[in-house]
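Structural description and commentary
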Amino acid sequence: MEIVPQALSSPVDEALDLLAGRPVVALTGAGLSTDSGIPDYRGPGSPLRRPMTYGEFVSGPVAQRRYWARSHVGWARMRRAVPNPGHLALADLERRGVLRGVITQNVDGLHAEAGQRALIDLHGRIADVVCLSCRAISSRAVLQERFEEANPGFAASIGPEIETAPDGDVLLERTEGFRLVGCAACGGPLKPDVVFFGENVPKDRVARAYAMVDALRGEGGALLVAGSSLTVMSGLRFVKHAAKHDVPVVIVNRGETRGDPLAALRVDAGCSEVLSALAGACDGSLVDTVDAPIPQWRDLAP
């Protein structure tokens, strides 16, 4: 078994004790993906960022040009990101029958790439595009090719020193020369199929997430928060719901979170280290169904 660094041994031991024998649902945020090279909005040391709001985006072509020009450059970088040990550990816990599902606030698609099956992309996926007129869903990769044809050399002209933002765009100031392309089906304006600030998460998605948490109540389960500051109600509501119904909450995050007062345990550490330790300490053979008996946790001592 991999030896856990000394700095993590005590809090991880506490997490193991609390999670022992329990089914788990994970709620994940941007802090889980920082080890894949994707920056977050609110982690320790993160600069102040102001993402585009839904109201700004739908205001017209000027805002949409600014968004898509930045996204066109950033997409080439973001699409190279791969799952890190934290993503892989959660997928492993699901295969072992411990993890019943993941509710993610991230739009990077790395959970699915890691092999997660029971997954709710709460805020959508940056790899999908929606037409605001006909609502057709299309591929972001295909749109990238269309943008390259309409704006030859634009992305290549941007130097590597331009900073990438958490949602896959870059902090680019001059975008007025960028040419937009419309929906291939109807010509309407295109938007990434993700929930912008100021936009509501689809009700059916929220209902499925609540149901995933509710399923823990009769089984003595626990909610594991990984890499989220829980600053916005989009994720915090599930922590509040769990705590209200006596489902213990374990939070793994660097820095304080808005859900700390509701947590049974908080581990102030990186997601990759802690989640890998949890997966490594899980006893029992691999299983293919979430209905399998919940394995126990091993001691962390080598």
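The structure presented is a predicted model; accordingly, all values stated were derived computationally and were not measured.

On to the pattern of salt bridges, then. Across all of its chains, the model carries 11 salt bridges by this definition. The residue Arg117 makes a salt bridge to Glu94 at a minimum N-O spacing of 3.8 Å. Taken together, the positions of Arg117 in the loop between helix H5 (110-114) and strand S3 (119-121) and Glu94 in helix H4 (residues 85-95) put the pair 23 residues apart, joining distant regions of the chain. Residue classification places Arg117 among the exposed residues on the basis of a relative accessible area of 52%. Residues Asp128 and Arg125 are paired through a salt bridge, measuring 3.2 Å at the closest nitrogen-oxygen approach. One network of salt bridges, in which partners are shared, links Asp92, Arg95 and Arg96.

Another aspect to go through is the packing of helix H7 (residues 203-214) against helix H8 (residues 233-244). Between H7 and H8, the shortest axis-to-axis distance is 10 Å and the interhelical angle comes to 35 degrees. In this structure, the crossing between H7 and H8 has a hand that is right-handed. Here Val206, Ala209, Tyr210, Val213 and Asp214 of H7 come into contact with H8, specifically with Arg237, Phe238, His241 and Ala242. A class-by-class count of the residues in the contact of H7 with H8 yields 6 nonpolar, 1 polar and 2 charged.

This part covers the side chain of Ser272. Of note, Ser272 is situated in helix H9 (residues 271-280). Residue classification places Ser272 among the buried residues on the basis of a relative accessible area of 9%. A distance of 3.4 Å separates the side chain of Ser272 from the side chain of Asn84, its partner in a polar contact. When sequence neighbours within four positions are dropped, the list of residues in contact with Ser272 reads Asp35, Asn84, Pro85 and Gly86.

Definitions and limits used
- Residues numbered from 1 in each chain as written.
- Predicted model: local features only at pLDDT ≥ 70, side-chain atom pairs only at ≥ 80, totals over all residues.
- Heavy atoms only, no water.
- Salt bridge = Lys/Arg side-chain N within 4 Å of Asp/Glu carboxyl O.
- Helix = DSSP H or I, 4+ residues; strand = E, 2+ residues; numbered from the N terminus.
- Buried < 20%, exposed > 50% of the residue type's maximum accessible area, 1.4 Å probe, protein only.
- Axes fitted to C-alpha atoms, helices over the stretch in contact; angles between N-to-C directions.
- Left-handed = near helix turned anticlockwise from the far one by under 90°.
- Contact = heavy atoms within 4.5 Å.
- Nonpolar A, V, L, I, M, F, W, Y, C, P; charged D, E, K, R; others polar.
- Polar contact = N/O pair within 3.5 Å; in protein donor to acceptor, adjacent residues only side chain to side chain.

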